[in-house]
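If you want the building blocks of each chain, they are given just below.
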Amino acid sequence: MKRNTKINLLLLIAVAALAVLPLAFGLGDHKKEPFTGSDGEAETAITELKPDYEPWFSPLYEPPSGEIESALFSLQAALGAGVLAYYFGLRRGRRQGEQRALERQSGSTLAGTAGKSTAEGD
Amino acid sequence: MHIAEGFLPPAHAVAWGVASAPFVVHGVRSLTREVREHPESTLLLGASGAFTFVLSALKLPSVTGSCSHPTGTGLGAILFRPPIMAVLGTITLLFQALLLAHGGLTTLGANVFSMAIVGPWAGYAVYKLLRRSNVPLMVTVFFAAFVADLSTYCVTSVQLALAFPDPGSGFLGALGKFGSIFAVTQIPLAVSEGLLTVLVMRLLVQSSKGELTRLGVLVAQKQARTGTETEAVGR
C-alpha cells in the first residue's frame, strides 16, 4: 500500500473511532434517552427557560415518520457523496487519460514519472 | 445548530434575517462572477457544496451522550472564500428546512448567520493566519475546518441565549446552558470534521493541482514567487 493511501485510511479510521468510542463507552447512559440530537435538546432547554413559549410557526412540510425522515437524510448524504465521487472519478480519469496521451506522444520511459509525484502541501 | 422552526421570537428571527441577507446577496454575486470568469471551477464548486451536504447530514454521537452533525463549511471557505460558502451553506440549510423539517424558514436567517457566514469566515481567518505563519498546509486545513465547525455552534448558543435569557442568571446563564448543549458536544465532531476536510484536501492535492494553484491554495512551485503574489493581490 502506498504511503498516501495509508495516511488517508488512518484519517478515516480516526473519524470512525471518534464516532464509535462514545457509543462503546456508554457515554449516553446517564441520560433517559441517550444520543438524542443536540438540536432537540436545545428545544427542551428553551421550554425550561421559558415554559410559556409557543413556537409561532410550524414547518411547511414535516416528514410523516422517523423512517421517512431518515430516508430524506440519507438522500441528502447520498446526493453529496455522489457528486463528490463523480468529481474525484472524473479527475482521476482525466489524469490517466492525459498521462496515457503523454506516454503515447513521447513513447519514451520519461512519461511514467510525471503523474506519480504526490507532493503534499508546499 | 439548527434552531427549530418557530423557536426564535419574531423580532429575533427578522433581525438575523436582515443581518444575513447582505452576506448571501454578496455571495450570490461572487458565485456568479466566479462561474462566469472560471467556468472550469463549477465542478469544484459543486464538490464543495456536496461536501457540506454530506457532512451536515451525518449525525454523529459525541462524548456528551448526544448527537450532532458537522457543517462542512471550512473546505469551501478555504477554496472559494467565505462569500461563496454563504450561498452553498444557505442552499443546504434551505434543503433541510423545506424537506426535513430540520431548522426552518423563520429561523433560516439565524442558521445562515451561524453556519454559512460566521463559520466560514472564522475558518478562513484561521486559514489565512496560519498560512501566513508558514504552518504546513494540512495542519492549517485541519484547524480552519475545526474552527469553522465549532464557531458555528458557539454562535447558535449565543443566538439562543439572546432570545431566551435565564430568568435568574440572565444572558450568561443561558449561554452556559446552550453552550454545554451545543459547543461541548461539538468539540469531538469538530475534530472529525477537521480530519475529513484534511482527507478531502489531500485527495484534491493529488487530483486537482492546477485548480488549487489557481485558487491560491497551493503555491506554484516552478514559477517565481512573484507570480502567485500578483494573483493574491488580484483576488
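Residue numbers restart at each chain and count upward from 1, following the sequence in its written direction. Each chain takes a letter, starting from A, and each ligand takes a number, starting from 1, following the order in which they are written. Per-residue local features are limited, in this predicted model, to residues with pLDDT of at least 70; the limit for side-chain atom pairs, both in listing and counting, is 80 or more; totals at the level of whole chains, interfaces and linings are taken over all residues. Remark: hydrogens and water are excluded; side-chain values derive from all non-hydrogen atoms of the structure.

What counts, and what does not: UniProt positions are given in the numbering used here, feature names are shortened, and annotations may be inferred rather than shown by experiment.
The name an unreviewed UniProt entry assigns to chain B is Cobalt transport protein CbiM, from the organism Streptomyces indiaensis. Looking at the Function (unreviewed entry) heading of the UniProt record, one finds this comment for chain B: "Part of the energy-coupling factor (ECF) transporter complex CbiMNOQ involved in cobalt import." Word for word, the UniProt comment on chain B under Subunit (unreviewed entry) is "Forms an energy-coupling factor (ECF) transporter complex composed of an ATP-binding protein (A component, CbiO), a transmembrane protein (T component, CbiQ) and 2 possible substrate-capture proteins (S components, CbiM and CbiN) of unknown stoichimetry."

An unreviewed UniProt entry annotates chain A as Cobalt transport protein CbiN originating from Streptomyces indiaensis. The UniProt entry for chain A carries this comment under Function (unreviewed entry): "Part of the energy-coupling factor (ECF) transporter complex CbiMNOQ involved in cobalt import." As stated in UniProt under Subunit (unreviewed entry), the record for chain A gives "Forms an energy-coupling factor (ECF) transporter complex composed of an ATP-binding protein (A component, CbiO), a transmembrane protein (T component, CbiQ) and 2 possible substrate-capture proteins (S components, CbiM and CbiN) of unknown stoichimetry."

**Focus on the interface of chain A and chain B**
Note the threshold: Any two residues having at least one pair of non-hydrogen atoms within 4.5 Å are treated as being in contact. Two parts placed together each lose some accessible area under a 1.4 Å probe, and the buried area is that loss summed for both. Salt bridge, as used here: a side-chain nitrogen of Lys or Arg that lies within 4 Å of a carboxyl oxygen of Asp or Glu.
Counting residues at the interface gives 61 residues for chain A and 72 residues for chain B. Contact between chain A and chain B buries roughly 5,800 Å² in total, counting both sides, with carbon and sulfur atoms accounting for 69%. One can count one salt bridge joining chain A with chain B. The salt bridge partner of A:E48 is B:K177, with a shortest N-O separation of 3.0 Å.

**Concerning the packing of helix α3 (residues 66-106) of chain A against helix α7 (residues 170-207) of chain B**
Applicable threshold: Lines fitted to C-alpha atoms define the axes, with helix axes restricted to the stretch in contact, and inter-axis angles between N-to-C directions lie between 0 and 180 degrees. Secondary structure is summarised from DSSP: a helix means a run of H or I of at least four residues, a strand means a run of E of at least two, and numbering begins at the N terminus for each. Throughout this description, any angle smaller than 35 degrees is read as roughly parallel, any larger than 145 degrees as roughly antiparallel, any in the 65 to 115 degree range as roughly perpendicular, and the remainder as oblique. Two helices that cross are described as forming a left-handed crossing if the nearer one is turned anticlockwise from the farther one by less than a right angle, and a right-handed crossing if clockwise. Only Asp, Glu, Lys and Arg are considered charged in this grouping, and only Ala, Val, Leu, Ile, Met, Phe, Trp, Tyr, Cys and Pro are considered nonpolar; every other residue, Gly among them, is considered polar.
With their axes 10 Å apart at the nearest point, α3(A) and α7(B) run at an angle of 25° to one another. Between α3(A) and α7(B), the crossing angle belongs to the class labelled roughly parallel. Classified by chirality, the crossing of α7(B) by α3(A) is left-handed. Residues A:Y87, A:F88, A:R91 and A:R95 of α3(A) lie in contact with α7(B), whose contacting residues are B:V200, B:L203, B:L204, B:Q206 and B:S207. Looking at the contact of α3(A) with α7(B), its residues break down into five nonpolar, two polar and two charged.

**What to know about the pattern of salt bridges**
Any two side chains of opposite charge can pair, so long as their charged atoms come close to each other. Selection rule: Under the scheme applied here, a residue whose accessible area is under 20% of the maximum for its type counts as buried, over 50% as exposed, and between as partly exposed, the area being computed with a 1.4 Å probe on protein chains only.
Evaluation of the coordinates by the stated rule reveals five salt bridges over all chains. Here A:K31 ties to A:E41 by a salt bridge, and the two come within 2.8 Å at their closest N and O atoms. Highlighted residues: A:K31 in the loop between α1 (3-24) and α2 (38-49) and A:E41 in helix α2, separated in sequence by 10 residues. Residue A:K31 is classed as partly exposed on the basis of its relative accessible area of 23%. Between B:E211 and B:R214 there is a salt bridge, with the nearest N and O atoms lying 3.9 Å from each other. Note that B:E211 and B:R214 are positioned in helix α8 (residues 209-214) at a spacing of three residues, about one turn of the helix. We classify B:E211 as buried; its relative accessible area is 8%. Exposure remark for B:R214: the relative accessible area of 17% places this residue in the buried category. Connected via shared salt-bridge partners are B:E34, B:E40, B:E211 and B:R214.

**Examining the packing of aromatic side chains**
Heads up, the rule is: Ring pairs shown here join Phe, Tyr and Trp side chains whose ring centres sit within 6.5 Å, with only the six-membered ring taken for Trp; geometry is labelled stacked below 30 degrees between planes, edge-to-face above 60, and tilted in between.
Summed over the entire model, instances satisfying the criterion amount to 12 aromatic pairs over all chains. Look at B:F142 and B:F143: their rings are 5.2 Å apart centre to centre, the planes differ by 85°, and that puts the pair in the edge-to-face class. With relative accessibility at 18%, the residue B:F142 sits in the buried group. Connected via pairs of aromatic rings, a cluster forms that spans A:Y53, B:F7 and B:F164.

**A few points about the confidence of the model for chain A**
Close reading of the predicted structure is inappropriate where its pLDDT is low. Residues and elements named next belong to chain A. Just so we agree on the cut-off: pLDDT expresses, on a scale from 0 to 100, how confident the predictor is about each individual residue.
On average, chain A scores 86 in pLDDT, and the residues at 70 or more come to 88%. Across chain A, element-level confidence peaks in α1 with a mean pLDDT of 94 and bottoms out in α2 with 90. Between residues 118-122, whose pLDDT stays under 50, and residues either more than four places distant or in other chains, the model counts 13 contacts.

**Quick word on the UniProt feature "transmembrane region" (unreviewed entry) in chain A**
Per the UniProt record, "transmembrane region" (unreviewed entry) is found at residues 71-90 of chain A. Secondary structure across residues 71-90 of chain A divides into 100% helix and 0% strand, with the first and last C-alpha atoms of the span separated by 28 Å.

**Observations regarding the side chain of B:Q186**
For clarity, the cut-off: Identification of polar contacts relies on pairs of N or O atoms within 3.5 Å, with a donor-acceptor requirement for protein atoms, meaning one able to donate a hydrogen and the other able to accept it, and with residues adjacent in sequence counted only if both atoms are side-chain atoms.
You can see B:Q186 is positioned in helix α7. In this structure the side chain of B:Q186 is engaged in a polar contact, spanning 3.1 Å, whose partner is the backbone oxygen of B:H69.

**Details of the confidence of the model for chain B**
Per-residue pLDDT for chain B has a mean of 92; in total, 93% of the residues score no lower than 70. Below a pLDDT of 50 lies the segment residues 222-235 of chain B, which in the model reaches 11 contacts outside its immediate sequence neighbourhood of four places, other chains included.

**A look at helix α1 (residues 10-37) of chain B**
All names here are of chain B. Convention followed: What a helix is expected to span follows from its residue count: subtract one and scale by 1.5 Å. Two axes are fitted around each residue, one to the seven residues ending there and one to the seven starting there, and the angle between them is reported as the bend at that residue.
With 28 residues, α1 extends 40 Å between its outermost C-alpha atoms, agreeing within 8% with the 40 Å of an ideal straight helix rising 1.5 Å per residue. Along its length, α1 shows its largest kink, about 30°, at S20, and proline P22 lies within four residues downstream of that point. Along α1, the residues classified as buried are A13, W16, S20, V24, G27, S30, L31 and E34. Tucked inside the fold, the buried residues of α1 contact α2 (42-57), α3 (73-80), α4 (82-99), α5 (108-132), α6 (137-163) and α8.

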